[in-house]
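For reference, the chains in residue letters:
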Amino acid sequence: MSIIRTSPLAIALASDHAGFDLKAVLADWLRMQGYEVTDLGPFDTASVDYPDYGYKLAETIAAGTAQFGVAICGSGIGISIAVNRNPAARCALVSDNLSARLAREHNDANVIAFGARLIGTDTAKDALGAFLVTEFAGDRHARRVAKLSNPTLSPEASKEPA
């Protein structure tokens, strides 16, 4: 899938040691597609703690330094939990093209997570490509997404009209 853009989006990537190799492959692939890429580490396969890198990625998204993020650990679960601790981040752990598209379309996800031990390189590229070109559908989904960052929104105030 070719996803060349006229104005490059900034994409930040972070992983733990288990996700290091997949992160390197995806970073190179994104650069070849014309994206501006920031690698937040780690920079070798020495053992590290995924929360540290998940938090760093979420802070980068919250600061607006990157429009989208890619988070990778062995299963994708731990790093996605860490990213989602920041209310500005909406990280979706995906396993294929469809889940990546729905994460953007319905959930306005701004970070995609992969389990390096669970997904192949080609599938990860396909899912990432779909994630980056899919637009948020808005409409009824916007109300729901607003609640993700603000759980105190009243259920009664956000009901759909009859």
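As a reminder, the structure under discussion sits directly above these lines.
For clarity, every value in this text was computed on a predicted model and none was experimentally measured.

J.: Can you help me understand the pattern of salt bridges in this one?
T.: Pairs can form between side chains of opposite charge once their charged atoms are near each other. By the definition in use, this model includes four salt bridges. Ionic pairing is found between Asp-39 and Lys-23, a salt bridge with its closest N-O pair at 2.7 Å. Remark: Lys-23 occurs in helix α1 (residues 20–32) and Asp-39 occurs in strand β2 (residues 36–39); sequence separation between them is 16 residues. For Asp-39, a relative accessible area of 24% puts it in the partly exposed group. Among the ionic pairs, Asp-108 bridges to Arg-104, the shortest N-O distance being 2.9 Å. Take Asp-108 and Arg-104: they sit in the same class, and that class is buried.

J.: What is the right way to read the packing of aromatic side chains from this model?
T.: Per the counting criterion, the structure on display carries one aromatic pair. Relative to Phe-131, the ring of Phe-68 lies with its centre 5.7 Å away and its plane at 75°, an arrangement referred to as edge-to-face. A residue pair is termed long-range when its members are at least 10 positions apart, and Phe-68 in strand β3 (residues 68–73) and Phe-131 in helix α5 (residues 121–133) qualify at 63 residues. On the accessibility criterion, Phe-131 (0% relative accessible area) is buried. Sitting over the ring of Phe-131, Arg-104 keeps its end group 6.0 Å from the ring centre.

J.: Explain the sheet that holds β3 here, please?
T.: Each strand in a sheet pairs with its neighbour through backbone hydrogen bonds, running either in the same direction (parallel) or in the opposite one (antiparallel). Read from one edge to the other, the open sheet built from five strands follows the order β2-β1-β3-β5-β4, with strand pairing classed as parallel. Every other strand in the sheet has two partners, leaving β2 and β4 (91–93) as the edge strands with one partner each. Taking each pair of neighbouring strands and ignoring which way they run, the sheet shows an average axis angle of 20°. Bridging between strand β1 (residues 10–15) and β2 involves four bridges; their strand directions are parallel. In the sheet register, Ile-11 faces β2, and the bridge partner there is Val-37. Docked against the sheet, α5 engages β1, β3 and β5 (111–115), running at close to 170° with respect to β5.

J.: For this particular structure, what's the right way to read α1?
T.: The α-helix winds at 3.6 residues per turn, so residues separated by three or four positions along the chain end up facing the same way. The end-to-end C-alpha distance of α1, which contains 13 residues, comes to 19 Å, matching closely the 18 Å that a straight helix rising 1.5 Å per residue would cover. Of the residues making up α1, those classed as buried are Phe-20, Leu-22, Lys-23, Leu-26, Ala-27, Trp-29 and Leu-30. Where α1 is buried, its residues touch β1, β2, β3, β5 and α5. Gly-34 occupies a position one or two residues after α1 and carries a positive phi of about 95°.

J.: Would you explain the nonpolar core in this entry?
T.: The nonpolar side chains of soluble globular proteins are, as a tendency, buried together. Ile-11, Leu-26, Leu-30, Val-70, Phe-114 and Leu-128 are the most contacted members of the largest nonpolar core, which totals 26 residues. Listed by contribution, the elements that provide at least two residues to this core are β1, α1, β3, α4 (97–107), β5 and α5. Core analysis: the second largest hydrophobic core is formed by 18 residues, Ala-14, Leu-40, Cys-91 and Val-111 among them.

Thresholds applied
- The written sequence of each chain sets the order in which its residues are numbered from 1.
- Only residues with pLDDT of at least 70 are given local features in this predicted model, and only at 80 or more are side-chain atom pairs given and counted; all residues enter the totals for whole chains, interfaces and linings.
- Note that the side-chain values use all heavy atoms of the structure and ignore hydrogens as well as water.
- Basic side-chain nitrogens of Lys or Arg form a salt bridge, by our definition, when they fall within 4 Å of a carboxyl oxygen of Asp or Glu.
- Only DSSP runs of H or I with at least four residues qualify as helices, and only runs of E with at least two residues qualify as strands; both kinds are numbered from the N terminus onward.
- Partly exposed describes any residue whose relative accessible area lies between the buried limit of under 20% and the exposed limit of over 50%, with all areas from a 1.4 Å probe on protein chains only and scaled to the type maximum.
- Centres within 6.5 Å are what make two rings of Phe, Tyr or Trp a pair, Trp counting through its six-membered ring; a difference in plane orientation under 30 degrees is then read as stacked, over 60 as edge-to-face, and the rest as tilted.
- Both a distance and an angle decide whether a charge sits over a ring: NZ of Lys or CZ of Arg must be within 6 Å of the ring centre and within 35 degrees of the ring normal.
- In this scheme, strands are said to pair when DSSP sees at least two bridges between them.
- For helices, the fitted axis covers only the stretch in contact; all axes are lines through C-alpha atoms, and the angles between them, taken along N-to-C directions, range from 0 to 180 degrees.
- It only takes one pair of heavy atoms within 4.5 Å for two residues to be counted as in contact.
- One less than the residue count of a helix, multiplied by 1.5 Å, gives the span that helix is expected to have.
- Residues enter a nonpolar core if they are buried and are Ala, Val, Leu, Ile, Met, Phe, Trp, Tyr or Cys, with the set joined through side-chain atoms within 4.5 Å.

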